[in-house]
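Fold and geometry: a report
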Amino acid sequence: MRTSREGLLELIGHEGIALSKYYDVVGVATIGVGATVSEIPDLPSWPLSKTITLEEAFSLFARSVSKYENAINRALKVAVPQHVFDALVSWCYNVGVGWPPKA
């Protein structure tokens, strides 16, 4: 399965879009649509003044979301409705890909 358009829009709405690097509430360097070192390994070394374009933020998001979709697809053992898949991808986007059990 792939995340629906509605699911992607919800995820973007929850994450927000930041065109400059910031530190989230637990001190994780973040930029774009919630991108962290998982997507940009050298992000912690970027200066706070560095910015990206809106196009770069969406491009990074589009490339990275498939990693989370793939993790959910590997972990699921039963069929789920689209809205459930979308919610699981959103959750995985926030907690990372290390949580699903290995098949």
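As shown above, the structure is provided for reference.
Residues numbered from 1 in each chain as written. Predicted model: local features only at pLDDT ≥ 70, side-chain atom pairs only at ≥ 80, totals over all residues. Heavy atoms only, no water.

Quick word on the pattern of salt bridges
Throughout the structure, instances matching the rule amount to two salt bridges. Linking E69 and R2 is a salt bridge whose minimum nitrogen-to-oxygen distance equals 3.2 Å. Linking E69 in helix 2 (residues 54–75) with R2 in the segment before helix 1 (5–15), this pair joins segments that are 67 residues apart in sequence. The class of R2 is partly exposed, set by a relative accessible area of 47%. (Salt bridge = Lys/Arg side-chain N within 4 Å of Asp/Glu carboxyl O. Helix = DSSP H or I, 4+ residues; strand = E, 2+ residues; numbered from the N terminus. Buried < 20%, exposed > 50% of the residue type's maximum accessible area, 1.4 Å probe, protein only.)

Concerning the packing of helix 1 against helix 3 (residues 82–95)
At their nearest, the axes of helix 1 and helix 3 sit 9 Å apart, and the two run at 35° to each other. Between helix 1 and helix 3 lies a crossing whose hand is right-handed. Where helix 1 approaches helix 3, its residues G7, L11 and E15 are matched on the opposing element by D86, S90, Y93 and N94. Along the lines of polarity and charge, the residues of the contact of helix 1 with helix 3 split into two nonpolar, three polar and two charged. (Axes fitted to C-alpha atoms, helices over the stretch in contact; angles between N-to-C directions. Left-handed = near helix turned anticlockwise from the far one by under 90°. Contact = heavy atoms within 4.5 Å. Nonpolar A, V, L, I, M, F, W, Y, C, P; charged D, E, K, R; others polar.)

Digging into the pairing of strand 1 (residues 18–23)
As judged from the three bridges shared by strand 1 and strand 2 (residues 29–32), these two strands associate in the antiparallel manner. Across the sheet, the residue bridging to Y22 is T30, located in strand 2. Between strand 1 and strand 2, which pair antiparallel and follow one another directly, the connecting turn spans five residues, one of which, G27, has a positive phi of 85°. (Pairing = 2+ DSSP bridges.)

Side note on the packing of aromatic side chains
On inspection of all chains with the given rule, the structure shows two aromatic pairs. An angle of 70° between the planes, with centres 5.7 Å apart, marks the rings of F61 and Y93 as edge-to-face. Taken together, the residues F61 in helix 2 and Y93 in helix 3 connect sequence positions 32 residues apart. Sitting over the ring of W46, K50 keeps its end group 4.7 Å from the ring centre. (Phe/Tyr/Trp six-rings, centres within 6.5 Å; stacked < 30°, edge-to-face > 60°. Lys NZ or Arg CZ within 6 Å of the ring centre and 35° of its normal.)

Don't take any of this as a statement about function, it's just geometry.
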